[in-house]
Amino acid sequence: MRAFTYQRVTTPAEAAASARQTPGAKFIAGGTNLLDLMKLEIETPGHLIDVNGLGLDTIEPTPEGGLRIGALVRNTDLAADERVRRDYAVLSRALLAGASGQLRNRATTAGNLLQRTRCPYFYDTHQPCNKRLPGSGCAALEGFSRQHAVVGVSDACIATHPSDMAVAMRVLDAVVETVKPDGSERHIALDDFYRAPGTTPHLETVLTPGELIVAVTLPPPSGGTHIYRKVRDRASYAFALVSVAA
Ligand SMILES: Cc1cc2nc3c(=O)[nH]c(=O)nc-3n(C[C@H](O)[C@H](O)[C@H](O)COP(=O)(O)OP(=O)(O)OC[C@H]3O[C@@H](n4cnc5c(N)ncnc54)[C@H](O)[C@@H]3O)c2cc1C
Ligand code: SF4
């Protein structure tokens, strides 16, 4: 692991200012994905901004009748929330289909959205990977894996996004709230949040460097039947081969 500096922040403005002052800095929340990637030197931030003290860990009703989920709400707490279980059951089911109890206790809403692909060639630093090292090629195109994408691919990358939660949030028309390093705020529909790989698979979302997620908002409940179906190799602790939210 490369050496890095570490800072705890207490307000979104402080976090954004720190990101602005320190190019190459990364936010850290639960750390369940970022720390693994740092140990493998796939991610090498020179500065970590710990956002766990921002107080963004509540789930509040919105004036429109929806829910505003703080970026630091843990996956366990979101899945167990009475309103989520009743009105957004697809989200609760998707969360409970992901990872393990211990990981969900630590993993956060924002971190889950921004976790990186589980393509095995992305994790193997001896292999070419345009996402890890732009321009190096894609070992998966001629390689072997059961977890790659069949739609939304390009000649540069065929990786999938591994989040169960994001699939459910997409079907619920969730909106991501952010603060940019210059202090400006914006709302991004989840439908517009992720980029297709194209020729730049290392750019995974429309977030700009240092942009902090503060919350995810759900519109008023739509009712109906909520289904989350995940096909995987084991009943627990396995990423999806295919997942569907409806
Ligand atoms: C063994 C294992 C099995 C797993 N199985 C599944 C599974 O089946 N399904 C599934 O969906 N997930 C699975 N996961 C992934 C897990 O859900 C993610 O690691 C977790 O959700 C990431 O959240 P975190 O808070 O720990 O993020 P971190 O690791 O802290 O951060 C992840 C990324 O988000 C960024 N970030 C964090 N917070 C913010 C913020 N507020 N604003 C901007 N950027 C931010 C960080 O800079 C980093 O780039 C598994 C993980 C492991 C280790
Ligand atoms: S599919 Fe994407 S993540 Fe996997 S090796 Fe190819 S470029 Fe890298």
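Predicted model, so just to flag it, every value in this text is computed and none were measured. (Residues numbered from 1 in each chain as written. Chains lettered and ligands numbered in written order. Predicted model: local features only at pLDDT ≥ 70, side-chain atom pairs only at ≥ 80, totals over all residues. Heavy atoms only, no water.)

Colleague: It is not clear to me how the overall build of the protein chain should be interpreted in this structure. Could you clarify?
Modeller: Secondary structure assignment for the protein chain yields ten helices and ten strands. For the protein chain, the C-alpha radius of gyration of 18 Å lies close to 18 Å, the compact-globule estimate for 246 residues. Overall, the protein chain is about 50 × 40 × 30 Å in size when its C-alpha atoms are taken along their principal axes. Across the 246 residues in the protein chain, those meeting the buried criterion constitute 46%. (Helix = DSSP H or I, 4+ residues; strand = E, 2+ residues; numbered from the N terminus. Rg over C-alpha atoms; globule rule 2.2 N^0.38 Å. Buried < 20%, exposed > 50% of the residue type's maximum accessible area, 1.4 Å probe, protein only.)

Colleague: Looking at this structure, I do not really get the site of ligand 1. What am I missing?
Modeller: Neighbouring residues of ligand 1: 32 residues in total, closest Phe27, Gly31, Thr32, Thr108 and Asp164. A distance of 3.2 Å separates an oxygen atom of ligand 1 from a polar side-chain atom of Lys26. Between ligand 1 and Phe27 there is a distance of 2.5 Å, counted from an oxygen atom to a backbone nitrogen or oxygen. Bound to the protein, ligand 1 loses 94% of the 980 Å² it would expose on its own. Those elements that place two or more of their residues in the shell around ligand 1 are β2 (25-28), α7 (109-114) and β8 (212-218). Here the element with the most residues in the shell around ligand 1 is α7; it accounts for four residues. The residue makeup of the shell around ligand 1, split by class, is 16 nonpolar, eleven polar and five charged. (Near = heavy atom within 4 Å. Polar contact = N/O pair within 3.5 Å; in protein donor to acceptor, adjacent residues only side chain to side chain. Areas by Shrake-Rupley, 256 points an atom, 1.4 Å probe, with all protein chains shown as cover. Nonpolar A, V, L, I, M, F, W, Y, C, P; charged D, E, K, R; others polar.)

Colleague: Would you mind going over the site of ligand 2 with me for this structure?
Modeller: Near ligand 2 lie 13 residues; those nearest to it are Cys119, Cys129, Cys138, Cys157 and Ile158. Among the residues forming the shell around ligand 2, the class breakdown is eleven nonpolar, one polar and one charged.

Colleague: Would you take a moment to explain the packing of aromatic side chains for this structure?
Modeller: The relative placement of two aromatic rings is captured by the distance of their centres and the angle of their planes. Within this structure, the stated rule accounts for two aromatic pairs. Centroid distance Phe193 to Tyr194: 5.1 Å. Interplanar angle 85°. Geometry classified as edge-to-face. Of the residues examined, Phe193 reaches a relative accessible area of 0% and is grouped as buried. The exposure class of Tyr194 is partly exposed, given its relative accessible area of 25%. (Phe/Tyr/Trp six-rings, centres within 6.5 Å; stacked < 30°, edge-to-face > 60°.)

Colleague: How should I be thinking about a nonpolar patch on the surface in this particular structure?
Modeller: Taken together, the side chains of Met1, Phe4, Tyr6 and Leu35 define a hydrophobic patch exposed on the protein surface, amounting to about 350 Å² of accessible area. Looking at the secondary structure, you find Tyr6 in strand β1 (residues 5-8). For Tyr6, a relative accessible area of 42% corresponds to the partly exposed category. (Patch = residues over 30% accessible without salt bridge, like charges linked within 9 Å, V, L, I, M, F, W, Y side chains within 5 Å. Salt bridge = Lys/Arg side-chain N within 4 Å of Asp/Glu carboxyl O.)

Colleague: Even after reading the chapter, I still don't get unusual backbone geometry, so can you show me in this structure?
Modeller: One can expect most non-glycine residues to show negative phi and most peptide bonds to be in trans. Positive phi outside glycine occurs at Asp173, with the angle close to 60°. Mapped onto the secondary structure, Asp173 falls in the loop between α9 (164-171) and β6 (175-179). Phi is positive for Tyr237, which is not a glycine, with a value near 65°. By the element assignment, Tyr237 lies in the loop between β9 (228-231) and β10 (242-245).

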